[in-house]
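Chain and residue survey
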Amino acid sequence: MQNTPKEELRNNPESETDPIGAVMVVGGGIAGMQAALDLADQGFKVYLIEAKSAIGGKMAQLDKTFPTNDCAMCTISPKLVETGRHPNIELMTLTQVVDVRGEAGNFTVTLQHEPRYVDNSKCVACGDCEKVCPVIVPDRFNENLIKKHAIHKLYPQAVPNAYAIERRGISPCRDACPAGQRAQGYIALIREGRYQDALRVIKMDNPFPGICGRICNHRCETACNRGLVDEPINIRALKRFVTDKVYAEPRQPIEPAPRLYPQRVAIIGAGPCGLTAAQDLAKAGYGVTVFEAMPVAGGMLRLGVPEYRLPTWIIEREVQDILDLGIELRLNMQVNNLDDVFAEGFDAVLIAVGAHEGIRLRIPGANLEGVLVNTHFLRDVRLGKYVSRHEDGRPLEEGKLQLGKNVLVLGGGNVAVDCARTAVRLGAKVAMACLESRDTMPAHPWEVQAAEEEGVQIYNDLTFEQILADEHGHACGVECMRVASFYFDESGRLHVEKVPESNFVIPCDTVIFSVGQRAGLAFIPDDAGVGITHKQTIAIDPNTMAATRPGVFAAGDSVSGTAFVIEAVASGHKAAESILRYLQGEALERPPKPELPVVRLSQQEIEERIARGEIHRKGRVPLPELPPEIRRVSFEEVEGGYDDESAQEEAARCLACGVCSECMSCVFACGAKAINHDMPPMREEVKVGAIVLAPGYEIYRAELSEEYGFGRYPNVITALQYERYLSASGPTFGHIQRPSDGRQPQRIAFLQCIGSRDQTHDYCSAVCCMYATKEAIMTKEHHPEIDLQVFMMDMRAFSKGYWAYFERAEKTYGIQYTRCRVSCVKEDPQTHNLWLTYQDEHNQLHSREFDLVVLSVGMEISPEVRNLGRRLGIELDAYGFCHTVHFNPVQTSRAGIYAVGPFREPKDIPETVVEASGAAASAAAQLSRARFQLTSTPEFPPERDVSNEEPRIGVFVCHCGSNIGGYLDVPAVTEYARYLPYVVHAEDNLYTCSQDSIRHITEQIKALNLNRVVVASCTPLTHQPLFQDVLRAAGLNPYLFEMANIRNQCSWVHSHDWEVATEKACQLVRMAVAKAALLTPQQTISVPIEHCALVVGGGVSGLSAALNLAQQGFKVHLVEREAELGGNLRRVVTAFPAGTMNALEGEPQALLATLIQQVKSQPNILLHTQSRVVDFGGFSGNFVTKVETNEGKRQEIRHGVTILAIGGEEYRGAEYGLGSHPAILTQLDLEEKIALYPDQIRSWKSLAMILCVGPAEQYCSRICCSVALKNALALKELNPQLQITIFYRDIRAYGFKERLYTQARARGVLFIRYTADQKPQLSFADEQGILIEAIDLALGRKICLRVDALALSMPVVPSETAKEISKLFKVPLGADGFFQEAHVKLRPVDVSTEGIYIAGMAHYPKLVDESIIQALAAASRAGRVLSQEAISAGGRVAVVDAAKCTACLTCVRICPFHVPQIKADQKGVGGIQGAVTIEAAVCQGCGTCVAECPARAIQLMVFTDAQILAKVSALFAWEGAPEVCLT
Amino acid sequence: MSDVNTDYQIVAFCCQYCAYAAADLAGGLRLQYPPNVKIIQIPCTGKMDVLYALQAFEAGADAVMVAGCMPGDCHFLEGNLNAMRRVERVKDLLRQIGLEAERIKMFHISSSMASQFVSATEEMLRTVEKLGPNPLRMNGKASRKETHVRRVS
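Everything in this summary refers to the structure shown in the same document. Only a predicted model underlies this, so the values are computations on that prediction, with no experimental measurement involved. As a convention, each chain's residues are numbered from 1 in the sequence order in which they are written. Whichever chain is written first becomes A and whichever ligand is written first becomes 1, with later ones labelled in order. It should be noted that, the model being predicted, local features are given only for residues of pLDDT at least 70 and side-chain atom pairs only at 80 or more, the latter also being counted only at that level, while totals for whole chains, interfaces and linings use all residues. In computing side-chain properties, one takes all heavy atoms of the structure into account and sets aside hydrogens as well as water.

1. A look at the overall build of chain B
This is how the line gets drawn: Each helix is a run of DSSP H or I of at least 4 residues and each strand a run of E of at least 2, with the numbering of both proceeding from the N terminus. For this analysis, residues touch if any pair of their heavy atoms sits within 4.5 Å. Surface exposure here means Shrake-Rupley accessible area, sampled with a 1.4 Å probe, where a residue is shielded only by the protein chains that are shown.
Assigned secondary structure in chain B consists of five helices and five strands. Each helix and strand of chain B, placed in order from N terminus to C terminus, yields the pattern β-α-β-α-β-α-β-α-α-β. Pairs at least 24 apart in sequence give 80% of the contacts found in chain B among residues at least 6 apart. Of the roughly 5,700 Å² that chain B leaves accessible, carbon and sulfur atoms contribute 51%.

Below, the structure is given as C-alpha cells:
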C-alpha cells in the first residue's frame, strides 16, 4: 500500500530537518532555463524537464524581440549553451512529469522518458542520418510551413545538440503484416527513387519480396489509413516494382555469412518457411542444411502457385540469394526418420514441410480415372508434365499428360481458382463448383473475377453427391445437390442442409478436388516423439514453435494448415529465433519487447489534415494488366508492374502514419553508432525539494475561428508562421512569401485579438499588439513598399519602451492602425487574395483587398499542461492558467510548487524571465539549508607547468562523418598540419568529439607530452568548452587550446569545390597553429565575497527582496529614507476583485502589515530607517557603502550585492486643474476617499476619470488603466447609482485585467475615447461641480459633462532621488528617468554593473504583484553571488601593464561597465604615481579598452594582440609553409 | 581548380556573439560564399584594433571586413559602435596612404542573419574585384606567400 504523503514524511525523520537540495524545473523555454540557471548557480541541483527533444521553447522560434528588435536567437543561444553545459543542471528532454508525491522540501517525482532513439552521448549531430531519412513530415518548429525528416534536430542551434527520431507508433501496414514488413519505410524510399535501399528494408523482414510482391494477400493494404482518405496504397505492387527494378540490374554476388558456431541445423522442406529460417540461422553463424523431397526448391511457391501468377525466375533468384549465404541444399531427399537426422550430427531440426497433400472428398467415384487433386495437378503443371490443348494435333510425348476438354474444379478457395485458371491455359473449358455462396467464397473476389473474365463458369451453393463414371470407368460428371445452409461445428465437422430433390449433374470429363491440403507427415513414425494434432498438423508450443521432442521445431503450413507466403515467412523467423535461443542454451520463451501503439488515424484527424492541405485526395495509380484473350492461352504473367514515375506517384500517397518507419537508413548512415530503434520508454523517480513549473503556452488554434478562414485560405497565416517567414534562419531565409504562390505580398493585414478578448477568452493575451507591431516594423525594414494595416481594438503598449515603439511604427514606418475588430475574411478563389470589410472609428464602411492576412493569435494553455496541473494537484482556472496564492505571486496552491510565465497569466518575455528568477528565489529560500548538498564540481588532475617548455602542438582534424571528410581532403589537411611549426603530432578522427576520441586525445596529450592542442572541426561556440575539458583531464591548462572551424567555414560553405575547401582548411589550421604557439596558461583567481546585501528602499519591493534574502540565510541592510516602511503601498486601499490579478486577491493593507511584521521580526535584516546612502564603491562581491541617518550618523557597510528598490512617485502636475478644486483628485487621493469618506462618495451622482495625464502622454505608465478600473468598480460597490465616465486613449487592461474592463462596462461605466490632439477640456469647476468638454469620436461631435468629482490617472514618475542614486551607483537612467536594465529581455533586473540589481517601480511602474515578483527576481540574482564562497575571475580578461600606463583615463572613459579605475598607489609609466587597475572579477572581457589604449598598456588575455596578429600573418606569410598534397 | 579566384584574400574580424554565429549558421544552412573570406574570431568588435586592419593590409590582405552585432544589440553594450568609429579611422588612414577606403567595411549581422553574412562576403569580393589586388602586395612590399595545392596521384 502506498503511504500518504503525510505518513511518508513522518516515516522519514530526515525530511523534517533537511530539505532536498534539488529543484525540478518543468519546461525548457526561456523561463525554465532562467530558473534553472539561477538555481544551479545558487548551489542547487536542477532537473530541467522538457517534453520536446530540445530546450529553447517559443522564444527560439521568434525572429526578433520587441521593443529593441534584438535578434531572438542571439539573445537566447548563449543561455541555451550555458544551460546545456551547466554542471548542476541535468537536462531531461522528451520527458514528462507523471506524478508528484510528498511535500515541500521532499517531493518524489515520477518521470516518463520517451525514447529519443538516438543516444545523446554518442550523437555528434553531424546530420548524416538526416540526409538519408526518407520520411518527411510537417516541421512544427517552422509552424508546418516546410517539411522535416523523421530524424531531426529541432532547430540548428538546438541544445542538446543531438538528433532525435520522431515516432508516433507502428504504422498499421506494419502491424497488419505477419512478418512486420516496414511498408511505410520502403514506400518512402521508393518515393525518393532509392530502390536498392528500399529492397534492403524489405529484405530485413522478408527474403521473398519479389514473390510477395506478386502473390501476397496484402493485409497491409486492408489496414492502410489511406483507405480512410480514398484508396489504400497499392503496397504489393510497389513491393513488386522495387524488386523488379533491382533484379533487372546485374546480380551482385552474395557474401557467405561467416560461420561463428559449430552447431548445425537441419531444415526439412525448402519452402518459404524453411528457407526463411535457414537464412536467419545462417546469418546468425550456424551451419544449415535444407532437405527437400522435390527436385526443385521453393516449396509451394514453386509447385503450388501457377506460373502466370509467379514466374519461375523470380523464385529461383530469391532462393539463390538465400542459399548463397552458405546453406547446403539437398534436393530429392525425402526425410523418413528424424532419428537419422540427429544421428548425422544435427543439433536441431526444423520441420517445415508445408501442406502438399491434397484431399479427396469421401464420395462415390472420388478415385475414378479423370479425378485429380489440386496440389498434384498444380505441381505436375509446374514440373512441365502437362501439354496444352492449344497445341492439339501434336502427339503426346512420352510421360507427358493432357487435361480433358471439360474440367470441373470442386472447391471455392484461391487454390481452386488457381487450378481453374491453369486448366483454362491448358486449353480446357472450365467450371468451378463450391459449397459457399458467391459472397462467401474463400477465394479473393478479384481472383474469382479474373477467373470469370477468362471464361470460367462458377456454380455456388452446391454439395457433391457422387462422381459419375462413363462406360470406360472415366469420370463424366458430378452429381450435385443444392445447399440450403451449412456450418462447421466445434470439432470442425461440416453440417449441411440440402434442398430436397435438388439433384442435378454437371457434366465434365475431368474433376479436380480443391477442398483443402495438409502436410505430408509420413516420415514421422509414432515413436519419434513428435506429436501430431487431430487436424494432421504437428503439435507445437505456439510461442516457441517447439515440437514435443527437444531440439525439434516445426513451422509453416505443417503446423498451421494452409496459409499465405507471408505467414510462412513470419513463422520461419519465429522458429529460427527459438532455435537460436535453444542453441545458445537460453529459455525458449523470448522476453517481452516494449510495444508501441499502432497509429490508427481517426476520420477527424484525416479531415483536419486534408483541411490543412497536408493531404490531397487522389486514388490509386492503376496497374497495367494483360487482356483476358491473351491470358486464356498463355502462362505469361497477368499483372504488369509500375514504371518509375507511377511507382513514385503511388508511393507519394503514403501518409507516413508512424512517422519514423524504422527503415534503418539512419542506422546504416550513422558513423557514431548512436541510433537505437529499440530504445524503450523509461520511468524514473527523482527526489527534489521544490518544483518550478514553466510549461509555457500554446498559440490559439486559429482554425477554430472559422470566420477567418485559417486552414482554408492559404494566404491566411498565424503571426507565428509570419515570424518564421521573417526569420533569417526560417524556411525562406527571411523572405516574406504568400503560401499560395510564393510571391511577395504587397498588402498585408494584421488582425488582432484572435483567440483573445472574445466570447471564449475573457482575457487579453498581452503580447499580440506588440508582436504584430514588431512584425510590421520588421516587414517595413525589409520592404518599405509593402502596405501594412493593423486592425485592433486598443493598442496595448503598456510596458517599458512599448509606447515609443508603437509611435515609431505609426509615424516613422507609416504602418496604418485601424480601430476595428474585423468580423470575417473572404477569399477571391481566383487570386487567393483576401477581402476585409470593416468600419472605421467614424462609422465609415470600407472593403479592402489584401494579399496576405496575419492572425495575431493569443495564448492558451495546452491540454497536456492542464493534465500536468491536475496530476500535480494544483489549482487551475477554467482556461488552465495556474492560480497562485495570496502575497506570494509565484506560489501555487500546493506548497513547494511554483508557477511562472504565461502559465500564470499571458505575458511577455521580460516578465516571464523576472518570474523565473522570482520562483528561483522562493525555492532557494525554502531550501537554503540544503545548498550545495547535491551539486558537484568536476574534478581534474593538477595542471602541468608548461611555462618553460617549447610549444609542442598536437593537431586533431575531424572528418565529422562525411560533413567535413565528404567535401575536403581531411588526410591532406592532417598531413599538411604535420609540417607546421611546433606541431609534433597530427591525426584525423572520424568524430573528434565522440567519447572514444576524447579519451584518445587525453591519452595522446599525455603520451606525446603535448602542451598545446588544436582541433580542426566545427565551431568553438559549441565545442570549445568540451575540448577544453579534455585538456584539463590531461593536466593541461584549458587556455592552451585553439580551434579551426573547417566545417562551418570550409566544407559546408565551399562544398562544390574540393580543392578550394581543402586549401582554405589548411590555411585555417595554419592560422590556428600560429595562435596556439603563442597561447599561455591563464589562471583564475578567487576573490572572497561579503555574504551580505544592501537593499535601498523600504517599499513593497525592497521589503520583499530583503525578506527573501534573509530567508535564504544572508544578512541584509535595508535602507529607507522615511521613518515608516511601506512606500507607496501605504496609500493603496482598494483591492483587485477576484480573478483579475491571479494572485494577491487580498486587502493591500493587510499584505503590507504582514510583510512589515515579517521583516521586523527577521533577525537577518538590519533596518536603517530615516537614512540615505552617501557613498558607494567597490565591485561585485565587495562593495563598500556609507549610510547616513537624518541625524548625520554615518555607518560603513561592506556587502556583496546591492538591490535598488527606490520606487516611484505619483505625478502631481497641474494638468486638468489638479489642486484647484477639492473634487479634482488623483487616483491615490480617490483611494483615500474611498477608505475614509465613503459617505461623500455615496453623495456623488457622477464622476469622470481622465487617463493618460501629463508625462503619460509620452510613455505608458502601465498601471493606470487597471487602477482606474479597479477604483471605478470600488466606487460602484459603494454607490451603484454613481454615473462614471472614463476618458481614455487606449484601455490597457492586459492579461486578466481585461476582466476589470468587462466588469466595469457591465456595471454601466461609460468609456469615451479621445486622441492626443483632442483632449478633454476642463471648462470650469465650482461648487456646482466640474464641467468637462470632449469630442466623442463615435458621434463625431462635442459633448459636455457635468460631474461631482474628477479623478485623474496620474502616471508613476521616477522617484525624486533617482538621479542622485543613479550617479552614486553608476546605474544609468532610461529616457523616462527610470533605471536602465542590462538587457530589456533577458537581464531585466540586472544593470550593466555586476552585483547591482533593480526592482519595483524604480525600474518602471508596476502593480504590487509585479513588484513583489521583481523583488524576488532581484533577490535571486543577488543570491547567485552571495551563495558562492568567492568569485572566480580570470581567463579572458583585460590585464594592465602598469609600467606602460600614463593614467590618461581613456580606458576609464570607454569601458561601458565602469571597470577600470585609477589607483593612486599604483606606479605608472616612469614610476609616476597613479595607474589604472582593472579588477579581473568584474572585467567582462570585451577588449574595448585594449583597442583604445594609446599606450598599449592593456592586453586582453586569450586574444592578445600578438596572438591575433600571428593569425593575420599566418594567413599571408609563412616562410617554408609546406605544400598541400591532396591524397 | 575551379574558377574561383582564390588569389584575393579578405580577412573578416567577426564578433563571436553575432557575426561569427551567423557565419556558423551559413554553414549549417549550406549557404555558399566566396572562399576568399577568412574569419578571425574576436570576442567583440570593440576589440577591433586599427592596428589589426593596417597589419592585415600590410601583409597583403585585399580587403578587411569587420562584422559585429546590430547597432544597439552589442553583447558588451557599445563595442560595435566603437568598432564603427575605428573602421572610419582606418578608412582615413587608407586614404592618406593612397589606398581605397572601400577596402574596409563594417557590417552589422545578427546571429540569425546567415544570408546577410553571405551577401556581405559577396559584396566585399565584388569590391575587391572592382579595385583589383592590394597594391602593396603587387609592389612586392607585402611578404605574402600562397598556399600551394598539389595533386598527388
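Following the structure, the description resumes.
2. What to know about the pairing of strand S20 (residues 406-410) of chain A
Residues and elements named next belong to chain A. For the record, the criterion: Buried, partly exposed and exposed residues are distinguished by accessible area as a fraction of the type maximum, computed with a 1.4 Å probe on protein chains only: under 20%, between the cut-offs, and over 50%, respectively. If DSSP finds at least two bridges between two strands, the strands pair.
When you tally the buried positions in S20, you get four out of five residues, the bulk of the element. Of the strand pairs in this sheet, S20 and strand S21 (residues 429-433) are connected by five bridges, and their pairing is parallel. Opposite Leu 408, over in S21, you have Ala 431 as the bridge partner. Two elements, S20 and strand S27 (residues 510-513), share four bridges in a ladder whose sense is parallel. Residue Leu 408 lies in a different strand from S27, and its bridge partner there is Val 511.

3. So, the pattern of salt bridges
Where charged atoms of side chains with opposite charge meet at close range, the side chains can pair. Residues and elements named next belong to chain A. As a reminder, the rule being used: By definition, a salt bridge exists where a carboxyl oxygen of Asp or Glu is found within 4 Å of a side-chain nitrogen of Lys or Arg.
Inspection of the entire model under this criterion finds 104 salt bridges over all chains. A salt bridge links Glu 447 to Arg 421; the nearest nitrogen and oxygen atoms lie 3.3 Å apart. Here Arg 421 lies in helix H17 (residues 414-425) and Glu 447 lies in helix H18 (residues 445-453), a separation of 26 residues in the sequence. Like Arg 421, Glu 447 is buried. Ionic contacts of the salt-bridge type, sharing partners, join the residues Arg 309, Asp 418, Arg 421, Arg 425, Glu 447 and Glu 454 into one network.

4. Let's talk about the interface of chain A and chain B
Under the convention used in this document: Two parts placed together each lose some accessible area under a 1.4 Å probe, and the buried area is that loss summed for both. Each polar contact in these results corresponds to two N or O atoms within 3.5 Å; when the atoms are within protein, one needs to be able to donate a hydrogen and the other to accept it, and residues that are neighboring in sequence are counted only if both atoms are side-chain atoms. Each residue receives one of three labels: charged for Asp, Glu, Lys and Arg, nonpolar for Ala, Val, Leu, Ile, Met, Phe, Trp, Tyr, Cys and Pro, and polar for the others, Gly being one of them.
Listed per partner, the contact involves 67 residues of chain A and 68 residues of chain B. Buried surface at the junction of chain A and chain B, both sides included, amounts to about 6,000 Å², of which 58% is carbon and sulfur. A:Arg1496 is the partner of B:Asp49 in a salt bridge, and the nearest nitrogen-oxygen pair spans 2.3 Å. Seen at the junction of chain A and chain B, the total is 20 residue pairs in polar contact (both at pLDDT 80 or more). Looking at the side of chain A that touches chain B element by element, the count peaks at eight residues for helix H34 (residues 1058-1077) of chain A. When grouped by side-chain class, the residues that make up the side of chain A that touches chain B number 35 nonpolar, 18 polar and 14 charged.

5. Here's the deal with the packing of helix H3 (residues 30-41) of chain A against helix H42 (residues 1408-1426) of chain A
All names here are of chain A. Where we set the bar: The axes are straight lines fitted to the C-alpha atoms, using for helices just the contacting stretch, and the angles between their N-to-C directions are given from 0 to 180°.
H42 packs onto H3 with a crossing angle of 35° between their chain directions and a minimal axis gap of 8 Å. Contacts from Gln 34, Asp 38 and Asp 41 in H3 reach Ser 1420, Arg 1421 and Arg 1424 in H42. Residue composition of the contact of H3 with H42, by class: no nonpolar, two polar and four charged.

6. Some details on the sheet that holds S27(A)
All names here are of chain A. Sheet architecture is open: five strands sit in the order S17-S27-S20-S21-S22, paired in parallel fashion. Two strands lie at the open edges of the sheet, namely strand S17 (371-373) and strand S22 (457-459), each paired on one side alone. Sheet twist, expressed as the average angle between the axes of neighbouring strands with direction ignored, equals 25°. When S17 meets S27, the two strands line up parallel, connected through three bridges. The partner of Val 371 across the bridge, within S27, is Val 511. Of the strands in this sheet, S20, S21 and S27 touch H17, which is tilted by about 165° from S21.

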